[in-house]
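Chain by chain, the residues:
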Amino acid sequence: QEDDARFSTYVSADKLKRHIWVFNESSSTSETRYLSADNPTQPLKVFLPRTQGVEYAVYPHKDYFFLRYKDDKHLNGEMYKLPLVGYTDHTLWKEFLAHDLNTRIEGIDVLKDYVVVSLRKNGLTQLEALPVAGGEKHVVSFPEPVYSVSLKENPMYDSGSFRYSYTSLNRPTTLYEYEIAEGKSNKLKEQEVPSGFNPDDYTVERLWATAPDGVKVPMAVVYKKGLKRDGSAPALLYSYGSYGSNSRVYFSTSYYSLIDRGFVFAIAQIRGGSDLGEQWYEDGKLLHKKNTFTDFIACSELLIKDKYTSADKLAIAGGSAGGLLMGAVTNMRPDLYHTVVAQVPFVDVVTTMLDDTLPLTTGEYEEWGNPNEEEYFRYMLSYSPYDNIKAQNYPNMLVTGGLNDSQVLFHEPAKYVAKLRSLKTDKNLLLLHMDMDSGHGGATGRYGRIKDTAFEFAFILKCIGIEK
(Lines give C-alpha, C1' and ligand atoms only; values in the text may rest on other atoms or scores of the structure.)
Protein backbone atom coordinates (compact mmCIF):
# COMPACT_ATOMS: atom_id res chain seq x y z
CA GLN A 1 0.00 0.00 0.00
CA GLU A 2 1.28 3.46 -0.93
CA ASP A 3 0.08 6.15 1.47
CA ASP A 4 1.70 9.16 -0.22
CA ALA A 5 -0.92 10.60 -2.58
CA ARG A 6 1.78 11.90 -4.93
CA PHE A 7 2.74 8.34 -5.88
CA SER A 8 1.24 5.75 -8.19
CA THR A 9 1.88 2.02 -7.81
CA TYR A 10 2.31 -0.67 -10.47
CA VAL A 11 3.17 -4.36 -10.48
CA SER A 12 4.72 -6.60 -13.13
CA ALA A 13 6.78 -9.73 -13.70
CA ASP A 14 10.19 -9.51 -15.38
CA LYS A 15 11.21 -11.06 -18.69
CA LEU A 16 12.99 -13.94 -16.93
CA LYS A 17 9.87 -14.73 -14.85
CA ARG A 18 12.22 -14.73 -11.87
CA HIS A 19 10.85 -11.86 -9.81
CA ILE A 20 7.67 -9.90 -9.25
CA TRP A 21 8.28 -6.14 -9.15
CA VAL A 22 6.27 -3.37 -7.51
CA PHE A 23 7.00 0.18 -8.66
CA ASN A 24 6.10 3.33 -6.69
CA GLU A 25 6.51 6.52 -8.71
CA SER A 26 5.79 10.23 -8.47
CA SER A 27 6.85 12.70 -11.14
CA SER A 28 10.25 13.20 -9.46
CA THR A 29 10.88 10.22 -7.16
CA SER A 30 10.67 6.44 -7.41
CA GLU A 31 11.08 3.32 -5.31
CA THR A 32 11.04 -0.35 -6.31
CA ARG A 33 10.25 -3.50 -4.36
CA TYR A 34 10.50 -7.11 -5.46
CA LEU A 35 10.09 -10.71 -4.40
CA SER A 36 10.83 -14.13 -5.82
CA ALA A 37 8.17 -15.40 -8.22
CA ASP A 38 8.76 -18.86 -6.72
CA ASN A 39 7.83 -17.64 -3.26
CA PRO A 40 5.17 -14.94 -3.66
CA THR A 41 4.06 -14.97 -0.01
CA GLN A 42 7.41 -13.70 1.25
CA PRO A 43 7.69 -10.01 2.27
CA LEU A 44 8.51 -7.50 -0.45
CA LYS A 45 12.12 -6.34 -0.41
CA VAL A 46 13.02 -2.70 -1.13
CA PHE A 47 15.59 -2.56 -3.92
CA LEU A 48 16.88 0.92 -3.01
CA PRO A 49 15.22 3.16 -0.38
CA ARG A 50 13.23 6.15 -1.55
CA THR A 51 15.09 9.46 -1.74
CA GLN A 52 13.23 12.62 -2.73
CA GLY A 53 14.31 13.74 -6.20
CA VAL A 54 15.93 10.40 -7.11
CA GLU A 55 14.39 8.21 -9.80
CA TYR A 56 15.63 4.72 -10.63
CA ALA A 57 14.50 1.68 -12.56
CA VAL A 58 15.76 -1.92 -12.40
CA TYR A 59 16.16 -4.13 -15.48
CA PRO A 60 16.98 -7.76 -14.61
CA HIS A 61 19.53 -9.86 -16.50
CA LYS A 62 20.34 -13.48 -15.73
CA ASP A 63 23.73 -12.48 -14.29
CA TYR A 64 23.21 -8.83 -13.29
CA PHE A 65 20.80 -6.08 -12.43
CA PHE A 66 20.98 -3.12 -14.78
CA LEU A 67 20.06 0.10 -13.01
CA ARG A 68 18.93 3.34 -14.62
CA TYR A 69 19.58 6.14 -12.14
CA LYS A 70 18.66 9.83 -12.17
CA ASP A 71 19.16 12.59 -9.61
CA ASP A 72 19.52 16.38 -9.71
CA LYS A 73 23.17 16.09 -10.79
CA HIS A 74 22.42 13.54 -13.52
CA LEU A 75 19.12 14.74 -14.95
CA ASN A 76 19.39 12.79 -18.21
CA GLY A 77 20.09 9.55 -16.37
CA GLU A 78 22.99 7.11 -16.23
CA MET A 79 23.18 3.34 -16.21
CA TYR A 80 25.03 0.86 -13.98
CA LYS A 81 25.65 -2.89 -14.00
CA LEU A 82 25.08 -4.35 -10.51
CA PRO A 83 25.80 -7.81 -9.07
CA LEU A 84 22.79 -9.93 -8.14
CA VAL A 85 24.11 -10.27 -4.59
CA GLY A 86 25.43 -7.33 -2.59
CA TYR A 87 24.20 -4.70 -5.03
CA THR A 88 23.45 -2.28 -2.16
CA ASP A 89 27.23 -1.76 -1.89
CA HIS A 90 27.75 1.15 -4.29
CA THR A 91 31.43 0.28 -4.69
CA LEU A 92 30.31 -2.78 -6.66
CA TRP A 93 28.37 -0.70 -9.20
CA LYS A 94 30.03 -0.62 -12.61
CA GLU A 95 29.20 2.24 -14.96
CA PHE A 96 27.58 0.87 -18.10
CA LEU A 97 26.33 4.06 -19.76
CA ALA A 98 27.67 7.39 -18.54
CA HIS A 99 25.58 10.49 -17.96
CA ASP A 100 25.56 12.90 -20.90
CA LEU A 101 24.39 16.50 -20.56
CA ASN A 102 23.07 16.41 -24.14
CA THR A 103 21.55 12.92 -24.25
CA ARG A 104 18.58 11.64 -22.24
CA ILE A 105 18.06 7.94 -21.57
CA GLU A 106 14.42 7.27 -22.49
CA GLY A 107 13.99 3.51 -22.68
CA ILE A 108 15.86 0.27 -21.95
CA ASP A 109 15.36 -3.34 -22.98
CA VAL A 110 17.66 -6.05 -21.60
CA LEU A 111 18.42 -9.16 -23.68
CA LYS A 112 20.80 -12.02 -22.97
CA ASP A 113 23.71 -10.51 -24.90
CA TYR A 114 22.67 -6.88 -25.41
CA VAL A 115 21.17 -3.93 -23.64
CA VAL A 116 19.07 -1.92 -26.09
CA VAL A 117 18.74 1.75 -25.20
CA SER A 118 16.54 4.51 -26.58
CA LEU A 119 18.31 7.87 -26.33
CA ARG A 120 17.05 11.37 -27.06
CA LYS A 121 19.58 13.85 -28.39
CA ASN A 122 19.01 17.18 -30.10
CA GLY A 123 15.28 16.50 -30.09
CA LEU A 124 15.59 13.17 -31.94
CA THR A 125 15.62 9.55 -30.77
CA GLN A 126 18.42 7.13 -31.51
CA LEU A 127 18.56 3.40 -30.78
CA GLU A 128 21.72 1.60 -29.71
CA ALA A 129 22.44 -2.02 -28.79
CA LEU A 130 25.25 -2.26 -26.23
CA PRO A 131 26.91 -5.68 -25.68
CA VAL A 132 26.49 -6.87 -22.10
CA ALA A 133 30.07 -8.10 -22.09
CA GLY A 134 31.39 -4.81 -23.49
CA GLY A 135 32.61 -3.96 -26.97
CA GLU A 136 31.43 -2.01 -29.97
CA LYS A 137 27.86 -0.75 -29.89
CA HIS A 138 25.37 -1.18 -32.74
CA VAL A 139 23.60 2.03 -33.80
CA VAL A 140 20.41 2.02 -35.86
CA SER A 141 20.42 4.64 -38.63
CA PHE A 142 17.34 6.52 -39.88
CA PRO A 143 16.84 8.22 -43.24
CA GLU A 144 15.10 11.49 -42.40
CA PRO A 145 15.97 14.72 -40.56
CA VAL A 146 12.85 14.71 -38.36
CA TYR A 147 11.23 11.48 -37.14
CA SER A 148 10.01 9.53 -34.11
CA VAL A 149 11.16 6.07 -33.04
CA SER A 150 9.97 3.93 -30.14
CA LEU A 151 11.16 0.58 -28.80
CA LYS A 152 8.49 -2.11 -28.87
CA GLU A 153 7.99 -4.90 -26.36
CA ASN A 154 10.29 -7.90 -26.77
CA PRO A 155 9.37 -10.72 -24.35
CA MET A 156 12.13 -13.05 -25.65
CA TYR A 157 15.18 -12.81 -23.37
CA ASP A 158 17.41 -14.91 -25.66
CA SER A 159 16.58 -12.87 -28.76
CA GLY A 160 19.30 -11.42 -30.99
CA SER A 161 16.93 -8.82 -32.38
CA PHE A 162 14.52 -6.16 -31.22
CA ARG A 163 11.57 -4.36 -32.73
CA TYR A 164 10.95 -0.66 -33.12
CA SER A 165 8.30 1.59 -34.58
CA TYR A 166 9.29 4.40 -36.96
CA THR A 167 7.24 7.34 -38.19
CA SER A 168 7.67 10.88 -39.46
CA LEU A 169 5.40 13.65 -40.64
CA ASN A 170 5.34 12.17 -44.14
CA ARG A 171 6.10 8.51 -43.42
CA PRO A 172 3.34 6.15 -42.22
CA THR A 173 4.08 4.31 -38.98
CA THR A 174 6.16 1.24 -39.77
CA LEU A 175 7.21 -1.70 -37.57
CA TYR A 176 10.78 -2.97 -38.04
CA GLU A 177 12.84 -5.79 -36.58
CA TYR A 178 16.54 -5.02 -36.16
CA GLU A 179 18.95 -7.96 -36.38
CA ILE A 180 21.71 -6.78 -34.08
CA ALA A 181 24.63 -8.92 -35.26
CA GLU A 182 23.89 -8.18 -38.93
CA GLY A 183 23.11 -4.50 -38.31
CA LYS A 184 20.04 -4.80 -40.52
CA SER A 185 16.45 -3.55 -40.19
CA ASN A 186 13.66 -5.66 -41.70
CA LYS A 187 10.28 -4.08 -42.37
CA LEU A 188 7.45 -6.13 -40.83
CA LYS A 189 4.37 -3.95 -41.38
CA GLU A 190 3.56 -0.46 -42.61
CA GLN A 191 0.46 1.54 -41.74
CA GLU A 192 -1.99 1.28 -44.62
CA VAL A 193 -3.44 4.42 -46.19
CA PRO A 194 -6.43 3.09 -48.17
CA SER A 195 -6.76 6.24 -50.26
CA GLY A 196 -3.10 6.03 -51.26
CA PHE A 197 -0.20 8.18 -50.15
CA ASN A 198 3.08 9.31 -51.72
CA PRO A 199 5.53 10.80 -49.20
CA ASP A 200 7.51 12.44 -52.00
CA ASP A 201 4.59 14.81 -52.63
CA TYR A 202 5.38 16.62 -49.38
CA THR A 203 8.24 18.59 -47.86
CA VAL A 204 9.34 18.12 -44.24
CA GLU A 205 11.57 20.69 -42.57
CA ARG A 206 13.04 21.34 -39.16
CA LEU A 207 13.03 24.95 -37.99
CA TRP A 208 14.53 26.57 -34.90
CA ALA A 209 12.78 29.51 -33.26
CA THR A 210 14.54 31.82 -30.79
CA ALA A 211 12.78 32.26 -27.44
CA PRO A 212 12.96 35.62 -25.57
CA ASP A 213 15.79 34.27 -23.37
CA GLY A 214 17.82 33.25 -26.44
CA VAL A 215 17.09 29.52 -26.27
CA LYS A 216 16.60 27.75 -29.63
CA VAL A 217 13.30 25.86 -29.86
CA PRO A 218 12.83 23.14 -32.52
CA MET A 219 9.75 22.84 -34.69
CA ALA A 220 8.85 20.22 -37.31
CA VAL A 221 6.95 21.42 -40.38
CA VAL A 222 5.26 19.59 -43.28
CA TYR A 223 3.48 20.96 -46.34
CA LYS A 224 2.62 19.99 -49.89
CA LYS A 225 5.35 20.60 -52.44
CA GLY A 226 4.84 23.76 -54.48
CA LEU A 227 3.77 25.86 -51.49
CA LYS A 228 4.35 29.57 -52.03
CA ARG A 229 6.19 31.11 -49.09
CA ASP A 230 4.40 34.45 -49.31
CA GLY A 231 2.34 34.35 -46.10
CA SER A 232 -0.87 33.40 -47.87
CA ALA A 233 -1.03 29.75 -46.77
CA PRO A 234 -3.09 28.72 -43.74
CA ALA A 235 -1.27 26.85 -40.97
CA LEU A 236 -2.00 24.72 -37.91
CA LEU A 237 0.53 24.70 -35.07
CA TYR A 238 0.24 22.04 -32.35
CA SER A 239 2.08 21.39 -29.08
CA TYR A 240 1.73 20.08 -25.52
CA GLY A 241 4.66 21.11 -23.33
CA SER A 242 4.08 19.53 -19.90
CA TYR A 243 4.97 16.54 -17.70
CA GLY A 244 8.14 15.91 -19.72
CA SER A 245 5.98 14.44 -22.48
CA ASN A 246 7.58 14.81 -25.90
CA SER A 247 5.68 16.56 -28.68
CA ARG A 248 6.74 13.79 -31.03
CA VAL A 249 6.41 14.04 -34.79
CA TYR A 250 4.20 11.35 -36.28
CA PHE A 251 2.20 10.48 -39.36
CA SER A 252 -1.54 11.14 -39.23
CA THR A 253 -3.89 10.75 -42.16
CA SER A 254 -6.21 13.24 -40.44
CA TYR A 255 -3.80 16.13 -40.77
CA TYR A 256 -3.47 15.50 -44.49
CA SER A 257 -7.08 16.53 -44.96
CA LEU A 258 -5.76 19.98 -44.04
CA ILE A 259 -2.34 19.71 -45.71
CA ASP A 260 -3.90 18.70 -49.02
CA ARG A 261 -6.05 21.83 -48.78
CA GLY A 262 -2.90 23.95 -48.65
CA PHE A 263 -2.18 24.03 -44.90
CA VAL A 264 1.24 24.09 -43.34
CA PHE A 265 1.19 21.72 -40.34
CA ALA A 266 3.76 22.20 -37.58
CA ILE A 267 4.63 20.66 -34.20
CA ALA A 268 6.54 22.81 -31.70
CA GLN A 269 8.84 20.96 -29.28
CA ILE A 270 8.67 23.50 -26.48
CA ARG A 271 10.06 23.44 -22.95
CA GLY A 272 7.98 21.51 -20.45
CA GLY A 273 8.37 18.46 -22.65
CA SER A 274 11.69 16.60 -22.61
CA ASP A 275 12.35 16.76 -26.36
CA LEU A 276 15.85 18.16 -25.80
CA GLY A 277 16.57 16.27 -22.58
CA GLU A 278 15.50 16.34 -18.96
CA GLN A 279 16.68 19.92 -18.44
CA TRP A 280 14.25 20.93 -21.21
CA TYR A 281 11.49 19.60 -18.97
CA GLU A 282 12.84 21.22 -15.80
CA ASP A 283 12.98 24.58 -17.59
CA GLY A 284 9.26 24.41 -18.38
CA LYS A 285 7.68 23.41 -15.06
CA LEU A 286 6.98 24.91 -11.63
CA LEU A 287 8.37 28.48 -11.48
CA HIS A 288 9.66 28.21 -15.07
CA LYS A 289 6.29 27.33 -16.61
CA LYS A 290 6.01 30.54 -18.61
CA ASN A 291 8.90 29.36 -20.80
CA THR A 292 6.42 26.88 -22.28
CA PHE A 293 4.19 29.72 -23.44
CA THR A 294 6.91 32.06 -24.71
CA ASP A 295 8.53 29.17 -26.61
CA PHE A 296 5.24 28.51 -28.40
CA ILE A 297 4.79 32.20 -29.19
CA ALA A 298 8.33 32.29 -30.62
CA CYS A 299 7.49 29.35 -32.90
CA SER A 300 4.31 31.13 -34.00
CA GLU A 301 6.24 34.29 -34.77
CA LEU A 302 8.82 32.37 -36.81
CA LEU A 303 6.12 30.80 -39.02
CA ILE A 304 4.80 34.30 -39.70
CA LYS A 305 8.23 35.95 -40.09
CA ASP A 306 9.42 33.33 -42.59
CA LYS A 307 6.11 33.65 -44.48
CA TYR A 308 4.89 30.10 -44.04
CA THR A 309 1.64 31.76 -42.97
CA SER A 310 0.28 34.99 -41.52
CA ALA A 311 -1.51 35.93 -38.31
CA ASP A 312 -4.87 36.00 -40.10
CA LYS A 313 -4.32 32.42 -41.33
CA LEU A 314 -2.67 30.79 -38.29
CA ALA A 315 -4.66 28.24 -36.26
CA ILE A 316 -3.36 26.53 -33.10
CA ALA A 317 -4.49 23.46 -31.17
CA GLY A 318 -3.69 21.60 -27.97
CA GLY A 319 -5.42 19.43 -25.40
CA SER A 320 -5.47 19.01 -21.61
CA ALA A 321 -2.22 20.65 -20.41
CA GLY A 322 -1.86 21.62 -24.07
CA GLY A 323 -5.22 23.33 -23.63
CA LEU A 324 -3.66 25.31 -20.79
CA LEU A 325 -1.02 26.31 -23.35
CA MET A 326 -3.76 27.43 -25.75
CA GLY A 327 -5.46 29.54 -23.10
CA ALA A 328 -2.21 31.14 -21.89
CA VAL A 329 -0.84 32.14 -25.31
CA THR A 330 -4.26 33.39 -26.42
CA ASN A 331 -4.40 35.71 -23.40
CA MET A 332 -0.81 36.83 -23.98
CA ARG A 333 -0.82 37.31 -27.76
CA PRO A 334 -4.33 37.13 -29.25
CA ASP A 335 -3.06 39.15 -32.22
CA LEU A 336 -0.92 36.21 -33.41
CA TYR A 337 -3.76 33.77 -33.96
CA HIS A 338 -6.84 33.56 -36.11
CA THR A 339 -8.36 30.35 -34.71
CA VAL A 340 -7.81 28.33 -31.53
CA VAL A 341 -8.94 24.79 -30.67
CA ALA A 342 -8.56 24.06 -26.93
CA GLN A 343 -9.41 20.41 -26.24
CA VAL A 344 -10.47 19.52 -22.66
CA PRO A 345 -8.27 22.41 -21.50
CA PHE A 346 -6.79 22.70 -18.01
CA VAL A 347 -7.61 26.40 -17.71
CA ASP A 348 -8.64 27.02 -14.08
CA VAL A 349 -5.24 26.19 -12.62
CA VAL A 350 -5.38 27.86 -9.21
CA THR A 351 -8.87 26.73 -8.20
CA THR A 352 -8.22 23.15 -9.26
CA MET A 353 -4.83 22.93 -7.56
CA LEU A 354 -6.29 24.31 -4.33
CA ASP A 355 -8.82 21.46 -4.17
CA ASP A 356 -6.89 18.55 -2.68
CA THR A 357 -10.04 16.40 -2.59
CA LEU A 358 -9.60 15.86 -6.33
CA PRO A 359 -7.72 12.60 -6.97
CA LEU A 360 -4.95 14.09 -9.11
CA THR A 361 -4.24 17.37 -7.30
CA THR A 362 -1.55 16.45 -4.77
CA GLY A 363 0.39 14.43 -7.34
CA GLU A 364 0.43 17.53 -9.54
CA TYR A 365 2.29 19.64 -6.97
CA GLU A 366 5.57 18.44 -8.46
CA GLU A 367 4.52 19.73 -11.89
CA TRP A 368 2.83 23.06 -11.12
CA GLY A 369 3.72 23.73 -7.49
CA ASN A 370 1.66 23.79 -4.29
CA PRO A 371 -0.64 26.84 -4.33
CA ASN A 372 -0.83 26.74 -0.54
CA GLU A 373 2.69 28.23 -0.71
CA GLU A 374 2.45 31.91 -1.63
CA GLU A 375 5.25 31.94 -4.22
CA TYR A 376 3.62 29.18 -6.25
CA PHE A 377 0.12 30.59 -5.75
CA ARG A 378 1.10 33.97 -7.18
CA TYR A 379 3.05 32.45 -10.06
CA MET A 380 0.18 30.16 -11.07
CA LEU A 381 -2.26 33.03 -10.77
CA SER A 382 -0.10 35.09 -13.15
CA TYR A 383 -0.61 32.64 -16.05
CA SER A 384 -3.80 30.67 -15.28
CA PRO A 385 -5.94 31.18 -18.42
CA TYR A 386 -9.24 31.62 -16.58
CA ASP A 387 -7.81 34.18 -14.18
CA ASN A 388 -6.14 36.24 -16.92
CA ILE A 389 -9.02 36.72 -19.35
CA LYS A 390 -9.45 40.42 -19.99
CA ALA A 391 -11.43 42.83 -22.14
CA GLN A 392 -9.68 42.47 -25.50
CA ASN A 393 -10.21 40.94 -28.91
CA TYR A 394 -9.79 37.16 -29.02
CA PRO A 395 -9.41 34.81 -32.01
CA ASN A 396 -12.13 32.40 -33.15
CA MET A 397 -12.20 29.72 -30.46
CA LEU A 398 -13.54 26.19 -30.07
CA VAL A 399 -13.35 24.82 -26.52
CA THR A 400 -14.23 21.17 -25.87
CA GLY A 401 -15.07 19.25 -22.71
CA GLY A 402 -16.44 15.93 -21.51
CA LEU A 403 -19.13 15.55 -18.86
CA ASN A 404 -17.39 12.45 -17.48
CA ASP A 405 -13.86 13.87 -17.58
CA SER A 406 -12.10 12.97 -14.30
CA GLN A 407 -8.89 14.87 -15.11
CA VAL A 408 -10.20 18.23 -16.30
CA LEU A 409 -13.66 18.47 -14.76
CA PHE A 410 -16.33 19.71 -17.17
CA HIS A 411 -16.89 22.95 -15.28
CA GLU A 412 -13.39 24.20 -16.18
CA PRO A 413 -14.00 24.67 -19.93
CA ALA A 414 -17.61 25.72 -19.20
CA LYS A 415 -16.73 28.57 -16.83
CA TYR A 416 -13.77 29.54 -19.02
CA VAL A 417 -16.06 30.05 -22.03
CA ALA A 418 -18.63 31.91 -19.91
CA LYS A 419 -16.00 34.37 -18.71
CA LEU A 420 -14.64 34.80 -22.24
CA ARG A 421 -18.12 35.59 -23.50
CA SER A 422 -18.62 38.24 -20.83
CA LEU A 423 -15.31 40.05 -21.42
CA LYS A 424 -14.15 39.63 -25.03
CA THR A 425 -14.59 42.66 -27.26
CA ASP A 426 -14.76 41.00 -30.69
CA LYS A 427 -17.45 39.26 -32.73
CA ASN A 428 -15.41 36.16 -33.58
CA LEU A 429 -16.82 32.67 -33.09
CA LEU A 430 -16.64 31.21 -29.58
CA LEU A 431 -18.06 27.70 -29.26
CA LEU A 432 -18.24 25.31 -26.32
CA HIS A 433 -18.61 21.71 -27.46
CA MET A 434 -19.45 19.64 -24.39
CA ASP A 435 -19.70 15.90 -25.01
CA MET A 436 -22.35 14.59 -22.63
CA ASP A 437 -20.92 11.04 -22.62
CA SER A 438 -17.15 11.20 -22.98
CA GLY A 439 -14.26 11.54 -20.55
CA HIS A 440 -10.81 13.10 -20.89
CA GLY A 441 -9.88 11.17 -24.03
CA GLY A 442 -12.91 12.31 -26.00
CA ALA A 443 -15.44 10.07 -27.70
CA THR A 444 -14.74 6.35 -27.49
CA GLY A 445 -14.46 4.09 -30.50
CA ARG A 446 -12.79 4.65 -33.83
CA TYR A 447 -15.69 6.47 -35.46
CA GLY A 448 -16.40 8.65 -32.44
CA ARG A 449 -12.82 9.94 -32.50
CA ILE A 450 -12.99 10.54 -36.26
CA LYS A 451 -16.18 12.57 -35.82
CA ASP A 452 -14.53 14.68 -33.12
CA THR A 453 -11.54 15.38 -35.36
CA ALA A 454 -13.80 16.18 -38.31
CA PHE A 455 -15.76 18.65 -36.18
CA GLU A 456 -12.59 20.42 -35.03
CA PHE A 457 -11.11 20.57 -38.54
CA ALA A 458 -14.43 21.80 -39.96
CA PHE A 459 -14.33 24.62 -37.40
CA ILE A 460 -10.79 25.56 -38.44
CA LEU A 461 -11.64 25.44 -42.16
CA LYS A 462 -14.78 27.54 -41.68
CA CYS A 463 -12.93 30.18 -39.70
CA ILE A 464 -9.98 30.32 -42.11
CA GLY A 465 -12.42 30.60 -45.02
CA ILE A 466 -11.86 27.31 -46.88
CA GLU A 467 -15.17 25.85 -48.06
CA LYS A 468 -14.06 22.80 -50.06
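Since the structure is predicted, the reported quantities are computational estimates derived from the model, not experimental observations.

Calculation criteria
- Residues numbered from 1 in each chain as written.
- Predicted model: local features only at pLDDT ≥ 70, side-chain atom pairs only at ≥ 80, totals over all residues.
- Heavy atoms only, no water.
- Helix = DSSP H or I, 4+ residues; strand = E, 2+ residues; numbered from the N terminus.
- Buried < 20%, exposed > 50% of the residue type's maximum accessible area, 1.4 Å probe, protein only.
- Lys, Arg positive; Asp, Glu negative; His and termini not counted.
- Salt bridge = Lys/Arg side-chain N within 4 Å of Asp/Glu carboxyl O.
- Polar contact = N/O pair within 3.5 Å; in protein donor to acceptor, adjacent residues only side chain to side chain.
- Contact = heavy atoms within 4.5 Å.
- Pairing = 2+ DSSP bridges.
- Axes fitted to C-alpha atoms, helices over the stretch in contact; angles between N-to-C directions.
- Expected span 1.5 Å × (residues − 1).
- Phe/Tyr/Trp six-rings, centres within 6.5 Å; stacked < 30°, edge-to-face > 60°.
- Lys NZ or Arg CZ within 6 Å of the ring centre and 35° of its normal.
- Parallel < 35°, antiparallel > 145°, perpendicular 65-115°, else oblique.
- Left-handed = near helix turned anticlockwise from the far one by under 90°.

Draft legend 1. Highlighting the side chain of Asp-14. Positionally, Asp-14 belongs in the loop between β1 (8-13) and β2 (19-25). Of the side chains with opposite charge, Arg-18 comes closest to the buried, unpaired Asp-14, at an N-O distance of 5.2 Å. Reaching out from Asp-14, the side chain makes a polar contact with the backbone nitrogen of Leu-16 at a distance of 3.0 Å. A distance of 3.0 Å separates a polar atom in the side chain of Asp-14 from a polar atom in the side chain of Trp-21. When residues no more than four places from it in sequence are discounted, the contact partners of Asp-14 are His-19, Trp-21 and Pro-60.

Draft legend 2. A look at the sheet that holds strand β8 (residues 94-97). If you walk across this open sheet you meet the four strands as β5-β6-β7-β8, and the pairing is antiparallel. The open sheet has two free edges, formed respectively by β5 (55-60) and β8, since each of these has just one partner strand. When the angles between neighbouring strand axes are averaged without regard to direction, this sheet yields 30 degrees. Sheet topology note: the strand β7 (residues 78-83)/β8 ladder contains three bridges and is antiparallel. Each residue of the ladder has a partner; that of Lys-81, found in β8, is Lys-94.

Draft legend 3. Geometry of the sheet that holds strand β24 (residues 430-435). Strands sit in the order β17-β18-β20-β19-β21-β22-β23-β24 across an open sheet of eight strands; the sheet is mixed. Of all strands in the sheet, those with a lone pairing partner are β17 (202-210) and β24, marking the two edges. Averaged over all pairs of adjacent strands, the angle between strand axes in this sheet comes to 15 degrees, irrespective of strand direction. Against the sheet, helix α3 (residues 290-305) touches β17, β18 (216-224), β19 (235-238), β20 (264-268) and β21 (314-319), its axis set at about 125 degrees to β17. Those strands touched by helix α9 (residues 446-464) are β19, β21, β22 (339-343), β23 (396-402) and β24, and its axis lies near 160 degrees from that of β22.

Draft legend 4. Layout of α3. For α3, built from 16 residues, the straight-helix expectation of 22 Å at 1.5 Å per residue is met to within 8% by its first-to-last C-alpha distance of 22 Å. Restricting attention to buried positions, one finds in α3 the residues Asn-291, Thr-292, Phe-293, Asp-295, Phe-296, Ile-297, Ala-298, Cys-299, Ser-300, Leu-302 and Leu-303. Positive backbone phi, at 65 degrees, marks Lys-307, one or two positions downstream of α3.

Draft legend 5. Layout of the packing of aromatic side chains. A complete count under the given rule lists 34 aromatic pairs for this structure. Between Phe-47 and Tyr-87 the ring centres are 4.1 Å apart and the planes differ by 10 degrees, which places this aromatic pair in the stacked class. Of this pair, Phe-47 sits in strand β4 (residues 45-48) while Tyr-87 is found in the loop between β7 and β8, placing the two residues 40 residues apart along the sequence. Summarising the aromatic geometry, the rings of Phe-197 and Tyr-202 are spaced 5.3 Å apart at their centres and angled 5 degrees between planes, so their arrangement reads as stacked. Each residue in the set Phe-142, Tyr-147, Phe-162, Tyr-164, Tyr-166, Tyr-176 and Tyr-178 is aromatic and connected to the rest through ring pairs, giving one cluster. Directly above the aromatic system of Tyr-64 lies the positively charged group of Lys-81, at a separation of 4.5 Å from the ring centroid. Against the face of Tyr-386 rests Lys-415, its NZ or CZ located 4.5 Å from the ring centre.

Draft legend 6. Structural view of the environment of Gln-279. Note on placement: Gln-279 falls in helix α2 (residues 278-282). When the C-alpha positions of Gln-279 and Gly-244 are compared, they lie 9.5 Å apart, and in sequence the two are 35 residues distant. Setting aside residues up to four positions removed in sequence, Gln-279 forms contacts with Leu-75 and Asn-76.

Draft legend 7. Representation of the packing of α3 against helix α4 (residues 321-332) in the model. The N-to-C vectors of α3 and α4 enclose an angle of 70 degrees; their axes lie 10 Å apart at closest approach. Comparing their axes, α4 and α3 come out roughly perpendicular. Two packed elements cross with a definite hand, and for α3 against α4 that hand is right-handed. Residues Thr-292, Phe-293, Thr-294, Phe-296 and Ile-297 of α3 touch α4, and the partners they reach there are Leu-324, Leu-325, Met-326, Ala-328, Val-329 and Met-332.

Draft legend 8. Representation of the pattern of salt bridges within the structure. In this structure the tally under the stated criterion is 25 salt bridges. The closest approach of N and O atoms between Arg-171 and Glu-144, which form a salt bridge, is 2.6 Å. Taken together, the residues span a long stretch of sequence, with Arg-171 in strand β15 (residues 171-179) and Glu-144 in the loop between β12 (138-139) and β13 (148-151) at a distance of 27 residues. Note that Asp-306 is salt-bridged to Lys-305, the shortest N-O span being 3.5 Å. Looking at Asp-306, the relative accessible area reads 24%, which means it is partly exposed. By relative accessible area, which is 63% here, Lys-305 ends up exposed.

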